Amino acid sequence: IYDPWVLGVVTQRPIRYVAKAELWRYPVVRNLMDGFGCIPIERGGGDFLAMTRVVEALHRDEVIGFFPQGTTKRDRRGGFTAGPPAWPQRIARIAS
């Protein structure tokens, strides 16, 4: 939960995060997310509009941040699960 704030402080370029659209239901959170330039994404299927916004931002040479593990929750065995595992495939342009 602290990762976006820490990364925002230690990086020189602004990061536009992709976040679950449910966060926009709360007016205070919506204002913060919009203020930081976050991109809402509907979970559970392909969100073409969100991905279009991400691609457009990348074409403008903006930095996009997202957390592919998504929301974690307890499974029936008492452990935590976040769905299928995800690994970063490439990290590019991390130094100026």
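Scroll up for the structure.
Below, the structure is looked at part by part. (Residues numbered from 1 in each chain as written. Predicted model: local features only at pLDDT ≥ 70, side-chain atom pairs only at ≥ 80, totals over all residues. Heavy atoms only, no water.)

Quick look at the side chain of D47 now. Mapped onto the elements of the fold, D47 is located in the loop between β2 (39–41) and α3 (48–59). No salt bridge is formed by the buried D47. Its closest oppositely charged neighbour is R53, at 6.9 Å. There is a polar contact of 2.7 Å between the side chain of D47 and the backbone nitrogen of E42. Filtering out sequence-adjacent residues up to four positions away, D47 remains in contact with P40, I41 and E42. (Helix = DSSP H or I, 4+ residues; strand = E, 2+ residues; numbered from the N terminus. Buried < 20%, exposed > 50% of the residue type's maximum accessible area, 1.4 Å probe, protein only. Lys, Arg positive; Asp, Glu negative; His and termini not counted. Salt bridge = Lys/Arg side-chain N within 4 Å of Asp/Glu carboxyl O. Polar contact = N/O pair within 3.5 Å; in protein donor to acceptor, adjacent residues only side chain to side chain. Contact = heavy atoms within 4.5 Å.)

Time to look at the environment of A21. Secondary-structure assignment places A21 in the loop between β1 (15–20) and α2 (27–35). Distance from A21 to I41, taken between C-alpha atoms, is 5.0 Å for residues 20 residues apart in sequence. With near-sequence residues (within four places) excluded, A21 lies in contact with P40, I41 and E42.

This part covers unusual backbone geometry. The backbone of D61 shows a phi angle near 65 degrees, a positive value even though the residue is not glycine. Here D61 shows up in the loop between α3 and β3 (63–65).

Here we come to the pattern of salt bridges. Two side chains that carry opposite charge are able to pair once their charged atoms sit near each other. This model, assessed by the stated rule, comprises 4 salt bridges. Of the charged contacts in the structure, one is a salt bridge between R13 and D61, with a shortest N-O distance of 3.9 Å. Taken together, the positions of R13 in the loop between α1 (3–10) and β1 and D61 in the loop between α3 and β3 put the pair 48 residues apart, joining distant regions of the chain. Judged by its relative accessible area of 38%, R13 falls in the partly exposed class. With a shortest N-O distance of 3.1 Å, E62 and R16 are connected by a salt bridge.

On to the environment of Y17, then. Of note, Y17 is situated in strand β1. When the C-alpha positions of Y17 and P40 are compared, they lie 8.6 Å apart, and in sequence the two are 23 residues distant. Those residues in contact with Y17 that sit more than four places away from it in its chain are D3, P4, L7, C38, I39, G65, F66 and F67.

Take the sheet that holds β2 next. Strands sit in the order β2-β1-β3 across an open sheet of 3 strands; the sheet is parallel. Each end of this open sheet is capped by a strand with a single partner; those strands are β2 and β3. Here the strands of the sheet are splayed against their neighbours by 30 degrees on average, with no regard to which way each runs. Of the strand pairs in this sheet, β1 and β2 are connected by 3 bridges, and their pairing is parallel. Along β2, the bridge assignment pairs A19 with P40. (Pairing = 2+ DSSP bridges. Axes fitted to C-alpha atoms, helices over the stretch in contact; angles between N-to-C directions.)

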